[in-house]
Structure formats: C-alpha cells, structure tokens
Number of protein chains: 2
Amino acid sequence: MSRFLDALAGKPVDATPVWFMRQAGRYLPEYREVRKDRDFLTMVKTPEIAAEITLQPIRRFDLDAAVIYSDLLPPLQTMGLGLHFEKGVGPVIENPINTTKDVDLLATPPASETLMYTPEAIKLVKAELEPKGIPVLGFAGAPFTLAAYAIEGGGSKKYEKTRVFMYREPAAWRRLMEKLVTVAGSFLTEQAKAGADALQVFDSWAGALSRYDYERYAAPYTKQLIEIAQKTGKPVVHFTTGTAGHLDAVAAAGGDAIGVDSGPTLTEASERVGGKPLQGNLDPYLLQAPWRELKAQADRVLAEAPATGHVFNTGHGLVPATPPDAVARLTDYVHEVTAR
Amino acid sequence: MSRFLDALAGKPVDATPVWFMRQAGRYLPEYREVRKDRDFLTMVKTPEIAAEITLQPIRRFDLDAAVIYSDLLPPLQTMGLGLHFEKGVGPVIENPINTTKDVDLLATPPASETLMYTPEAIKLVKAELEPKGIPVLGFAGAPFTLAAYAIEGGGSKKYEKTRVFMYREPAAWRRLMEKLVTVAGSFLTEQAKAGADALQVFDSWAGALSRYDYERYAAPYTKQLIEIAQKTGKPVVHFTTGTAGHLDAVAAAGGDAIGVDSGPTLTEASERVGGKPLQGNLDPYLLQAPWRELKAQADRVLAEAPATGHVFNTGHGLVPATPPDAVARLTDYVHEVTAR
C-alpha cells in the first residue's frame, strides 16, 4: 500500500502524503516544452503525450500520487457537444444546451468506444510507476459541473443559464443529469479497469448552488456517479469548491474521502463531514508567497488536519505562475514535519 | 419607525420587510429609458438622475426600503485610480495597484470634497420618501472588496493578483486597507449625514479568501469601517458572499445585521452569526423561475428565517433578465404570508 491510499482509507501513515491538483501543467518548463503549439485536446487524447506529462512532476518532486493528464470536458464531446479550447478564454462548447430537445439529442456512448485514450495513458503511467509504488489517480467531472459547462457553453462567473434551466425545466434537468452520470460513470470505470488506483470526482462549480439547490439538483446525481465509481473497488475522492457551508451535504453524496477547497479550516471540514478522510486545503496562491508565509500556512493546515486520514493538497489546482521550487520545498517540508 | 429599520433592530414587525439588491437597475424598462446612451458613472454622479433611478422601483413595487443608486468604485477614483465602465466588461481600473509605491501614492481626500453627488442624491430621495415613511439605504464597499478591484484592475474570477500582493507585501497591504477604511468611512458618514437611514457595507469578494486569510487580511479593516459607520447612529448591514462556512467571522467583524447570500439556509446562518438580524437570502435567479418554484423557495427562506430580525432580500443583486412582474408578485407575496 501507499501513503496516499492509506490516508484515503483513514489509516495511519509514516508521513502525510502530498500531491497537487494540476501538478502536471503550465507552471513546469518541461510541460511548456511539450505543449509548444500543440492543441490541448490533442495532447489529452494522445496517450503517450498524456502519460509523459503525467510523469513530469513525479520526476521532479517527491509526490505521493500521480494524477492522469486529462480534462473534465472530453466526455461532453462524446455526447455530441462540440468542444475546443481558446487561448486566454478556456473551453468553448460550440453548441451549448439551450432547450429540452438539446438534452434529448445527447448520446451516451460507453467510454470503451470513445474515451479510451485516457485509460491507455493510465496504463502507460502505471507501467512506469507501479514498480516505484506510486499510485495513479483517474478522474471525471461531477454531473452538475459537466451540466454547467454544457449549458453555459464554457466557464462562467454566475452560472445564470444553468440555474435558470434547472429551475424552469426540472424534468429535462433530471434527464441531462442521468445521461451525465452514465457517461462519467463509464469513463471512471474504464480508468479503474486500466489501473487507476483511486478516482476523483470534480464538482468544481457546486458552490454556485445554495445548500437547498445542491441537495435537490446536484447531490443525488453525484451520489449515483460515486456509487458507480465505487463498484470498481477503488477509493473515490469527492472534490467540490465553495461549499464550506454545507460540506455535510457534500459528504452525504458520497466519497471515501472529501476534497476540501481553501475556504474552511480542516478542523471545521472534518466536523462537517463526520470525520471522513480529507484532502486539501492550502490556498494554491500561497505557493507564490514568501516561504515565511507559505510555511506558516502549511503548518496551520497540518495542525488543523485530522490525526489520520489527511492527504496534503491545494484547495484548487496549481496556477501557471506557481514557482516549481516552491512545490519542491513544500512537498519536502510536509513530509519532513509529519514524519513519524 | 419602519418595518425595515425595526427588523434590522431585531424588533417584531407587522410583516417581513422586503427590498432587493440592485432593485434600481437594468431589468426595469424605465431604467433603460433613462440610461439610453448615458455613461454609467455620469448617471451615478448626477444627483437628479441617481435620485430618479433610486425611486423607480419604489413607484412600481411595494418595497420597504430604497437603496441609493450608486456604485462601489467611485471612492477609488477619488484616491487617484482611473475608472471607467466598459459595455459587456464592467468596471476597468486604468492604473491598477501593482507595487507598494502605488499604494503610497493613493490619496485619501474626505468625501465632503469628492463624493458629495451621492449624499446629494440621498437628500433628493429623502424629500420624496420621508413623508411616505420609506427609509433610504446608503452603502460603500468593504476594504477587501475595494482593494481587490484596485489590484485586479476590475472584476476577477480568481483574485490571484490580490492574494499574491497580500501575501507578498503585508505591510503595504495594511497601508492600503487603512486608506480604504478612511475613504469608505468618510463616504458612509456623509451619506448618513445626508439622511440615509441605514448603511450597507458590501464585501462582495470576501468569499475569495480562506477563513484564516479573511480573519487576518480583511476582517480587521471591515471592523474599523463598520465602527466608523456606526458612529453615525445608523444601523449597518454587513453583506458578504461566499462566506457561508465562516459567517461567524463575518459577524465578529461587526454589523447590526448580516447580509446573507444564497449559499446557506437562514437557519444555519442565524446559528453562525449568534442570532444577529439577517437580510437575504433568496437566489436572485429564482425570479426567472416559474412561480411554482419561486414561491416554494420563498416559502422555504421565510420558514428558515428567524422569528424576528429578518429582512427579505435576494442573496445577490437582481440581474438584468429579472422579469419585473416576478419582483412585484414576490414582494406582495412575502408581505401577505408574513402579515401578523
């Protein structure tokens, strides 16, 4: 077993495991070298490239898990939504969902026919990391977050269209969410079959909803997705942002461990999730802070973490301005001060 | 006394008072008529126009308070930051704060010399509303939210520059926050002197911070600002968004009443703020929902509200797509079902 998997299971570990969301990404010069003029989706869909990028941070830092280089949105493409990434803008859905008919036209092909580049990449990564005992994490978007992208047509600040659609068309909303559960569930299952040691469900936009709306319009479908993922036997991390006030509802939707953003302290988070193992929750912008501040806040996160069942991570993904040296120093520091 | 002021004081009322953030705004055809090709800042700075716009929703709906037509950002202009509003973009700060020197160059002129168009507008509104017993609310931005605009150069999704500045330059951050307290405090004081019956402090971006950072980098200055505002003898509403997890820290920073966004239920909010009067917290997008859904969620908000000390409002401002008929129906409905 690994520190990472032990911590997810709430077992004691020899030192707190560390990985970072978006640890494979633009802040690394070797990533930018591979990226060059390549299209983002092409990289995600080329197993050799995705595997190489996944391994880059593992070669550089003493991380306790690799996270497969992938994206939340390719599953939407397989359903019939046009997708490309625009520089400086992010993802663009070319034919966003506008009507109930748009929902009914969405396909739900099995991942085995459409999304196998990610499981293939996982196999390549596993071949390199299994001998080293470093687990690999697969992931998928939660239904609400996928629906928000599909309806807004990309990122959003307010998620107005999503909420208005959900309020006005509750029956179509349910059909949409069920289709997303099918597609994301199939994707997670294939990742587990290919060797992913753990699976993370990203409900990155769950915080746009009130507790009430979250419980009614989002959580039931996340629960279905997590149950499908757990059937693979792999532990599932359930990650959300902006939900500090109702982490109890997040935990009730499932997950072996709960990914906590930077909002709450881990002490309050632990209380709200009934003592489930936690992953998080350092503010990723702190990696751009002087060491004095970064160290103080890492100490704080560790002091607030539960005695067992904590995976150190940032509360959101690492951003492009992150200095690689800060990642190295922080990773080593967490291992050092938590060694027992 | 008015229902609104009584509710802010936690006293029993004959029916729950209602007003809406951005009740004077783009969703009203008569607003768009006044607006036409006028520049937004020119409207804010012309007392007759600002007064007229403030009164528009009061003529149409049975609202229990008027909120002065103004904006969070003109105080930044008086400090030396260039400001204009771009269509489809929002506010643009032309010379955002980048260095500690930029902070030290900021002026802190008294509002009596620079911002009197808003107090003048309040006087005009008061002349019309005082005989009708309808109170007028003045407002200003909280230091953190103003600093975030000044550093990001406008709106932002992540507030990366703000956080990195705050972490890297804690001494300059403190000087910036103190200057913002001075300017916003002076502005609120002049609004109270002109007749504002209550004052609201908007910390719209407070939710970008972790509890720890909020308590250390934002709350102490909000506290100073609220103390200045309370010296006028007028009640202060302290509004934040995205802070459901640490509303106790928000309440500790002060305010006679706490403005609650759509995140938490009012039951949990009341618990976290130690029973202070609350204002909120219907999701503003619900006004675009069918009445069936809008009514159900208004019922829910009212059922979760404390028995005394609740001002009905949305959790954020009304958006341009809000149907005026929904505002009318909702306002009357809240009055009707809470009449005692």
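Since the model is a prediction, treat every value here as computed from it, not as a measurement. (Residues numbered from 1 in each chain as written. Chains lettered and ligands numbered in written order. Predicted model: local features only at pLDDT ≥ 70, side-chain atom pairs only at ≥ 80, totals over all residues. Heavy atoms only, no water.)

## Some remarks on the overall build of chain A
Then, in step 1: Summing up its helical and strand segments, chain A has 16 helices and nine strands in all.
Then, in step 2: Here the C-alpha atoms of chain A give a radius of gyration of 19 Å, agreeing with the 20 Å that 2.2 N^0.38 yields for 340 residues.
Then, in step 3: With respect to the principal axes defined by its C-alpha atoms, chain A has extents near 55 × 45 × 35 Å.
Then, in step 4: With 340 residues in all, chain A has 64% of them scored as buried.
Then, in step 5: Taking contacts inside chain A between residues at least 6 apart in sequence as the whole, the part at least 24 apart equals 73%.
Then, in step 6: Total accessible area computed for chain A in this model is approximately 12,000 Å², and 51% of it derives from carbon and sulfur atoms.
Then, in step 7: When the 37 positive and 41 negative side-chain charges of chain A are each reduced to one mean point, those points stand 2 Å apart. (Helix = DSSP H or I, 4+ residues; strand = E, 2+ residues; numbered from the N terminus. Rg over C-alpha atoms; globule rule 2.2 N^0.38 Å. Buried < 20%, exposed > 50% of the residue type's maximum accessible area, 1.4 Å probe, protein only. Contact = heavy atoms within 4.5 Å. Areas by Shrake-Rupley, 256 points an atom, 1.4 Å probe, with all protein chains shown as cover. Lys, Arg positive; Asp, Glu negative; His and termini not counted. Charge placed at Lys NZ, Arg CZ, Asp CG, Glu CD.)

## So, the UniProt feature "domain: Uroporphyrinogen decarboxylase (URO-D)" (unreviewed entry) in chain A
Then, in step 1: The UniProt record annotates "domain: Uroporphyrinogen decarboxylase (URO-D)" (unreviewed entry) at residues 17-26 and 137-153 of chain A.
Then, in step 2: Structurally, residues 17-26 of chain A comprises 0% helix and 0% strand, and the distance from its first C-alpha atom to its last is 23 Å. (UniProt positions renumbered as here; feature names shortened; annotations may be inferred.)

## Side note on a positive patch on the surface
Then, in step 1: Residues Arg22(A), Arg26(A), Lys87(A), Lys157(A), Lys158(A), Arg22(B), Arg26(B), Lys87(B), Lys157(B) and Lys158(B) make up a contiguous surface patch of positive charge.
Then, in step 2: One can find Arg22(B) in the loop between α1 (3-8) and α2 (29-35).
Then, in step 3: Its relative accessible area of 59% is what places Arg22(B) among the exposed residues. (Patch = residues over 30% accessible without salt bridge, like charges linked within 9 Å, V, L, I, M, F, W, Y side chains within 5 Å. Salt bridge = Lys/Arg side-chain N within 4 Å of Asp/Glu carboxyl O.)

## Concerning the side chain of Arg272(A)
Then, in step 1: Among the structural elements, Arg272(A) can be located in helix α14 (residues 266-272).
Then, in step 2: Not counting residues within four places of it along the chain, the set of residues in contact with Arg272(A) comprises Ala244(A), Gly245(A), Leu247(A), Asp248(A), Gly245(B) and Arg272(B).

## Side note on unusual backbone geometry
Then, in step 1: Each neighbour pair has its own omega, and for Gly280(A) with Asn281(A) the value is 0°, a cis peptide bond.
Then, in step 2: Along the chain, the position of Asn281(A) falls in strand β8 (residues 278-282).
Then, in step 3: Despite not being glycine, Arg22(B) has its phi angle at roughly 55°, a positive value.
Then, in step 4: For Tyr159(B), which is not glycine, the phi torsion reads 60° and is therefore positive.

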